[in-house]
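Topology and contacts: notes
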Amino acid sequence: DDSNTKYIGYLAVSKFVAVFETPPKVILQVYRSLLRSHSSVERQNVREAMDLLLPNLRVRLKNPDLELALNYTVTVMEEVEDSLPQMAHLWDTIVRHTQIFEQFRVTITPYLKHAVSQFGSHLHSHPEYRELSVCLAEL
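Residues numbered from 1 in each chain as written. Predicted model: local features only at pLDDT ≥ 70, side-chain atom pairs only at ≥ 80, totals over all residues. Heavy atoms only, no water.

**Remarks on the environment of valine 106**
This is how it is decided: Numbering goes from the N terminus for both helices and strands, where a helix is a DSSP run of H or I of at least four residues and a strand is a run of E of at least two. For every residue, the accessible area obtained with a 1.4 Å probe (protein chains only) is divided by the maximum for its type, and the residue is called buried under 20%, exposed over 50%, and partly exposed between those limits.
Mapping valine 106 onto the fold places it in helix α7 (residues 105-121). A residue is classified by how much of its surface remains accessible, and valine 106, at 73% relative accessible area, is exposed.

**Details of helix α1 (residues 2-19)**
Here is the rule: In a helix, the anticipated span is given by 1.5 Å times the number of residues less one. Regarding the arc, it is the one traced by the directions from the helix axis to the C-beta atoms. When checking whether two residues touch, look at their non-hydrogen atoms; a contact exists if any pair is within 4.5 Å.
Between the first and last C-alpha of α1 there are 26 Å, a value that for 18 residues agrees with the 26 Å anticipated at 1.5 Å per step. Three or more residues of α1 are buried, namely Tyr7, Tyr10, Leu11, Ser14 and Val17. Seen along its axis, α1 keeps its buried residues to an arc of 120°; they face one direction. In α1, those exposed residues whose orientation departs by more than 90 degrees from the buried face are Asp2, Thr5 and Val19. As for α1, its buried residues are in contact with α2 (24-36) and α3 (43-60).

**Let's talk about the packing of α1 against α3**
Defined as follows: A fitted line through C-alpha atoms serves as each axis, taken over the contacting stretch for helices, and the angle formed by two N-to-C directions is quoted from 0 to 180°. Angular relationships are summarised with four words: roughly parallel below 35 degrees, roughly antiparallel beyond 145, roughly perpendicular across 65 to 115, and oblique for the angles in between. In this scheme the handedness of a crossing depends on how the near helix is turned from the far one: anticlockwise by less than a right angle means left-handed, clockwise means right-handed. Throughout, the ten residues Ala, Val, Leu, Ile, Met, Phe, Trp, Tyr, Cys and Pro are labelled nonpolar, Asp, Glu, Lys and Arg are labelled charged, and all others, Gly among them, are labelled polar.
At their nearest, the axes of α1 and α3 sit 8 Å apart, and the two run at 30° to each other. With respect to α3, the axis of α1 lies roughly parallel. Handedness of the crossing formed by α1 with α3: left-handed. Taken together, the residues of α3 that come into contact with α1 (itself represented by Asn4, Tyr7, Ile8, Tyr10, Leu11, Ser14, Lys15, Val17, Ala18 and Val19) are Asn45, Val46, Glu48, Ala49, Leu52, Leu53, Asn56 and Arg60. Partitioned by chemical class, the residues of the contact of α1 with α3 number 11 nonpolar, 4 polar and 3 charged.

**Observations regarding the environment of glutamate 42**
By the element assignment, glutamate 42 lies in the loop between α2 and α3. When neighbours within four sequence positions are excluded, glutamate 42 is seen to be in contact with Ser3, Asn4 and Tyr7.

**Description of the environment of alanine 18**
Tracing the sequence through the fold places alanine 18 in helix α1. When its relative accessible area of 25% is taken as the criterion, alanine 18 is described as partly exposed. Taking the C-alpha atoms as reference points, alanine 18 and arginine 60, separated by 42 residues in sequence, lie 8.5 Å from one another. Residues within four places of alanine 18 in sequence aside, it is in contact with Leu52, Asn56 and Arg60.

**Side note on the nonpolar core**
To keep it simple, the criterion reads: Buried Ala, Val, Leu, Ile, Met, Phe, Trp, Tyr and Cys residues that are joined via side-chain atoms within 4.5 Å together make up what is termed a nonpolar core.
Residues Tyr31, Leu34, Leu53, Leu57, Trp91 and Phe119 are the most contacted members of the largest nonpolar core, which totals 42 residues. A per-element tally of this core places helix α4 (residues 63-79) first, with 7 residues. Beyond its immediate stretch of four places on either side in the chain, tryptophan 91 contacts Met77, Ile108, Tyr111, Leu112, Ala115, Phe119, Leu132 and Leu136.

Now the structure itself:
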């Protein structure tokens, strides 16, 4: 399956980035792709890749590229406001790696408020969304 291969490839590149110096363009491309990935089928590979990649953003990217990556996160937030699965993926990533997004706290706060209301207010929402809503409220 092409989708499975793609996400395993992202996971392999994330492992490479964690260990070796990598060109910023490659890191940014993988980060962008992982941010947009919200397939429930590939969720574990995407989560594992993000868990490897995000802590290394500060190590591997210099300030302009790091800001570009974090600004891209905000751009994706704006684009996915109507897609609960994609919003859940994005906010779950932020919850698991809050220290990386700390400097963008002021920028993401309006989106945070919207996300808490979206995840917590749906009567028939998944327990996972409700749990994420509580984690977001704690931020």
